[in-house]
Structures are given as structure tokens and as C-alpha cells.
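Overview (structure and organization)
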Amino acid sequence: MSDPDLLAKLFQGDPRSIARSITKVESGSEGAAELMKAVFPRTGNAIVIGITGAPGAGKSSLVDKLALYYKDQGEKVGIVCIDPSSPFSGGAILGDRIRMATLGMDKNVFIRSMATRGNLGGLSRATVDAVSILDAAGFDKVIVETVGVGQDEVEIVKTADVSVVVLVPGMGDDIQAIKAGIMEIGDVFVINKADREGVIRTQKELEALLGLAHRPDMWMPPIVRTVATESKGIEDLSAAITSYFDFQKAETGALKFWSDALGLENVHTEIVEDQKVRVAMLPIGESRIELLEPTSEDSPISKFLEKRGGGIHHIAVEVDDITASLAKLKSQGMRLIDEEPRIGAEGCLVAFVHPAATNGVLLELVQTND
Ligand SMILES: Nc1nc2c(ncn2[C@@H]2O[C@H](COP(=O)(O)OP(=O)(O)O)[C@@H](O)[C@H]2O)c(=O)[nH]1
Ligand SMILES: [Mg+2]
């Protein structure tokens, strides 16, 4: 088969062409780079779900049930597995065959184990490429299953849209052990084998751990209980995955627009506690555009979004002496929101002038630190 044929069939979702393409990137054979060059423009439609956890946690069982659930919803699901050592999977090729039998041999589900031979750096590259190939082949969901050890696998999971960490009851020590690498990459946590003792305790321990640190994006990862072997909790897992996907999509919406459309760069993000707002700063010339996002429902920005559904919120101007500027505006009879300056982003002193005094523009005065 010549390469144009391979590509055409790949984009139609032909399983053999998908398999051949993945083998190409896996072996790093010649033509792999060219293949990926043709594949990349076709990617970006699949939702990529990373599933990680200790060996035996039930990842493969969970992935299969989740894939079946998606398939029943009429979706096409691709699975990339990089734990071919699992006794359940019985080695890469045999394991894939057994799993295919469970999942149903049709065009809507594709499963592939990646060989772990060779260097791990190569494995993570090949895995990321395999995910792109499945994305380009028209799969709606691509699930990547990895054992939650090692930096390389953390890197793979990080490239997923949604990362799911699988735990089992009574592994308090393990929670401590994997905390370092895996905990912070979990967007959704699963306590699988919820048919066993110690579920509540594990859930409490996990909640305590998750409560210790706030993520920069303020997402609170949900904890879902499942019994993979009995297909219990799969719908809840799917809902949790969707809710995080929607969250991070909304999250990156405006930022993506300004960076994609105008090539602006987000140089700084921070939460301004006082205003209950998260700010992204994108310099443009000598000025900058600041994107604002509420961090709670009673943030002034929440009210603004509720009323106006987005738009320009305010204009900020830099002043040398904010106290003097406020005094001057006040003496001119202008209505101020802040009589006294307060702390804004980057620790600057800020104060707002009421739109009634400025032809309807909310005006912020900023005195920068040197
Ligand atoms: N009791 C119980 N056993 C499970 C559950 N999920 C998976 N298992 C079993 O746990 C073992 C390991 O499962 P597997 O999916 O291979 O785990 P992986 O190594 O994380 O991929 C298998 O024998 C499964 O049948 C569950 O929810 N409850
Ligand atoms: Mg497995």
C-alpha cells in the first residue's frame, strides 16, 4: 500500500491502516515523521482521557467498561494501553485480542498496546503519536491506559484532556506514595473495587489530601466510586470526565481566542483574592489585555457576566500617586467606588472610579510597584 492510500484509509478509520500507522511511529521507521506531518492537521476532535494507577487497580477493566459505555452512546473509542505486562491483559498482542473480544470487533472500537521495549522517552513520543493517529482516524474518545509510575508516564497523562487516577480501598500508604507524582495530575479520582472494605476510609483520606492544596485553576477533582467488574459507577465516571472537560474548555476559551487570533502571550496568571477573580495578562504594545474570571459566585465578575455575558469590564490607567489622584477626582465631585486604594494584581495599589463619573466606563487607577 502506498502512503497516500494508507493516509486516505487511515482518515476513513480503517483499523488495519490505523494499526500499520501506529507500528510505523512505534518502530520509528522511515516515513514516520512524514506520516505524523499529515496526521497533525486532522487532530483536535477527540477527547483524550488518560487513565493511570497502580498495577492491579483495575484500570484495564475500567477502560473496557468505559469504552463499552461510550460505544453504546454511539461513539467511536480508541484505546492505547502501555501496561502490556499486566497479568490480566496476558501480554500485549494476546491481551488486545482478549479485550477486543469483550469490546466487540467492529470499526467503533480500536485497542492497541504499545511495546515497552526500547527507551521510555521513545515510548512516550510514540504513545502521543498513536493518540494523534486515532484522533485523526475519527475516534470521538481516545483512552490512554498507563501504570502510574515514572516521570514518562506522568508526561503522557499530562497530554490528555482529562486525567483519571484510579485507586482502590485500603491503600492509604499507596496514596502517600503516589502523592508526589500522580496526585496533582488527577482531574478525576476513581476508587475502584468499591465492593471491597475500606471505601469510606479511602475516600476520606483522599478528600483530606485533595483539600490540602488548591489547584491553580481552582478545580476540585471529583471522586467517583466504581466496581469495574460489575459495570457499577461507569456512568458517574463518564459524567465526571465530561464535567472536567467542559470546565477546562470554558476555562481556556477566551484565552485561546486572544492567543490564537492575535498571537498574544499569557505572561502571568494570578488570583486576586480581594476581588475574587483570576487574571491572565497578555501584553499588547505598551499596554496589556487582562482576562478576568470569577473564582466564586459572589465575585463582582460573576455579577458582570450574569448581567452582560462578557465584554469589556474596565479600563485601567497607571498613576504615579494613587492617593493624590483619588483626592483630585474627589475634589472634582467624581463618584468613587474606592475612597481608599486597595491591593490588586501583582500587589499593586488599585482603586475604582464609578462608571457614573466616566461616561459609563468602569475606570481603575493603578499605582505600580517599582
Ligand atoms: N473485586 C473487584 N475486582 C476488580 C474490580 N475491577 C477489577 N478487578 C479485578 O482486579 C484484577 C486486576 O484488574 P486489571 O483491570 O487488570 O487492573 P490493571 O492492572 O489496573 O489494568 C482483575 O482480576 C480484575 O478482575 C472491581 O471493581 N472489584
Ligand atoms: Mg491493565
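A few points on the structure. (Residues numbered from 1 in each chain as written. Chains lettered and ligands numbered in written order. Predicted model: local features only at pLDDT ≥ 70, side-chain atom pairs only at ≥ 80, totals over all residues. Heavy atoms only, no water.)

1. What about the overall build of the protein?
Summing up its helical and strand segments, the protein has twelve helices and 14 strands in all. Here the protein holds 370 residues, and the buried ones make up 45% of them. Nonlocal contacts in the protein, meaning residues at least 24 apart in sequence, comprise 63% of its contacts between residues at least 6 apart. (Helix = DSSP H or I, 4+ residues; strand = E, 2+ residues; numbered from the N terminus. Buried < 20%, exposed > 50% of the residue type's maximum accessible area, 1.4 Å probe, protein only. Contact = heavy atoms within 4.5 Å.)

2. Focus: the coordination of the magnesium ion (ligand 2)
Those donors, Ser60 (OG) and Glu145 (OE), are the protein atoms that reach the magnesium ion (ligand 2), and they lie 2.0 to 2.3 Å from it. In this pair, serine 60 is assigned in helix H4 (residues 59-72) and glutamate 145 in strand E4 (residues 141-147), connecting sequence segments 85 residues apart. For the residue pair serine 60 and glutamate 145, the accessibility class agrees, reading buried in each case. (Donors = N, O, S within 2.8 Å, 3.2 Å for Na, K, Ca; no water.)

3. Re a nonpolar patch on the surface
Taken together, Ile312, Ile315, Val317 and Val361 make up a surface patch of nonpolar side chains, about 340 Å² in accessible area. Positionally, isoleucine 312 belongs in the loop between helix H11 (300-308) and strand E11 (315-318). Overall, isoleucine 312 belongs to the exposed group, its relative accessible area being 69%. (Patch = residues over 30% accessible without salt bridge, like charges linked within 9 Å, V, L, I, M, F, W, Y side chains within 5 Å. Areas by Shrake-Rupley, 256 points an atom, 1.4 Å probe, with all protein chains shown as cover. Salt bridge = Lys/Arg side-chain N within 4 Å of Asp/Glu carboxyl O.)

4. Regarding the packing of aromatic side chains
For any two aromatic rings, the description comes down to two numbers: the centre-to-centre distance and the angle of the planes. Within the structure shown, the criterion is met by five aromatic pairs. Both rings, one in tyrosine 244 and one in phenylalanine 247, keep their centres 6.0 Å apart while their planes meet at 35°; by these two values the pair is tilted. Here phenylalanine 247 and tyrosine 244 lie together in helix H10 (residues 234-262), a separation of three residues that amounts to about one turn. Three or more aromatic residues joined by ring pairs form one cluster here, namely Trp219, Tyr244 and Phe247. Between lysine 76 and the ring centre of phenylalanine 139, over which it is positioned, the NZ or CZ distance is 4.9 Å. When the ring centre of tyrosine 70 is taken as origin, the NZ or CZ atom of lysine 141, which lies over that ring, is 4.4 Å away. (Phe/Tyr/Trp six-rings, centres within 6.5 Å; stacked < 30°, edge-to-face > 60°. Lys NZ or Arg CZ within 6 Å of the ring centre and 35° of its normal.)

5. Points about the sheet that holds strand E8 (residues 268-272)
A sheet is described by the order of its strands in space; here three strands give the open sequence E8-E9-E10, paired in antiparallel fashion. A single partner strand is all that each edge strand has here, and the edge strands are E8 and strand E10 (287-294). Ignoring which end each strand starts from, the neighbouring axes of this sheet average 25° apart. Contacts from H11 reach strand E9 (277-284) and E10, with the element oriented near 90° to E10. (Pairing = 2+ DSSP bridges. Axes fitted to C-alpha atoms, helices over the stretch in contact; angles between N-to-C directions.)

6. Digging into the packing of helix H1 (residues 3-11) against helix H3 (residues 32-39)
In the contact formed by H1 and H3, the axes pass within 11 Å of each other and the chain directions differ by 40°. By the angle between their axes, H1 is oblique relative to H3. Where H1 crosses over H3, the handedness of that crossing is right-handed. Across the interface between the two elements, Leu6, Leu7, Leu10 and Phe11 from H1 touch Leu35, Ala38 and Val39 from H3. (Parallel < 35°, antiparallel > 145°, perpendicular 65-115°, else oblique. Left-handed = near helix turned anticlockwise from the far one by under 90°.)

7. Let's talk about the pairing of E10
Relative to E10, E9 runs antiparallel, the two being bridged by eight bridges. When the sheet's bridge partners are listed, valine 277 is paired in E10 with proline 294. Once E9 ends, the chain turns through two residues before running back antiparallel as E10, passing glycine 285 with a positive phi of about 60°.

8. Notes on the pattern of salt bridges
One pass over the full model with this rule turns up eleven salt bridges. Across the pair glutamate 26 and arginine 112 runs a salt bridge whose closest N-O atoms are separated by 3.0 Å. Taken as a pair, glutamate 26 in helix H2 (residues 15-27) and arginine 112 in strand E3 (residues 109-113) lie far apart in primary sequence, 86 residues in all. Between glutamate 339 and lysine 330 there is a salt bridge, with the nearest N and O atoms lying 2.6 Å from each other. On the basis of relative accessibility, which here comes to 44%, the residue glutamate 339 falls in the partly exposed class. Among the residues examined, lysine 330 registers a relative accessible area of 47% and is labelled partly exposed.

9. Brief notes about the side chain of glutamate 75
Summarising the element assignment, glutamate 75 is placed in the loop between H4 and strand E2 (77-82). Side-chain polar atoms of glutamate 75 contact the side chain of lysine 141, separated by 2.9 Å. Discounting residues that sit within four places of it in the chain, glutamate 75 has contacts with Tyr70, Asn108, Asp140 and Lys141. (Polar contact = N/O pair within 3.5 Å; in protein donor to acceptor, adjacent residues only side chain to side chain.)

10. So, the sheet that holds strand E12 (residues 342-343)
Pairing within the open sheet is mixed, and its four strands lie in the order E11-E14-E13-E12. Looking at the sheet topology across the chains shown, the edges are occupied by E11 and E12. Here E11 runs beside strand E14 (residues 363-367); their pairing, made up of four bridges, is parallel. If you follow glutamate 318 over to E14, its bridge partner there is valine 366.

11. Considering the nonpolar core
Counting 31 residues, the largest nonpolar core has Ile143, Val164 and Leu237 as the members making the most contacts within it. When contributions to this core are tallied by element, the ones reaching two or more residues are strand E1 (47-53), H4, E2, E3, strand E5 (162-167), strand E6 (188-191) and H10. Residue contacts for isoleucine 143: discarding those within four places in its chain leaves Ile49, Ile51, Val63, Leu66, Ala67, Tyr70, Val77, Gly78, Ile79 and Val80. Within the second largest apolar cluster, 28 residues are counted, among which are Ile22, Ala32, Phe110 and Ala160. (Core = buried A, V, L, I, M, F, W, Y, C linked by side-chain atoms within 4.5 Å.)

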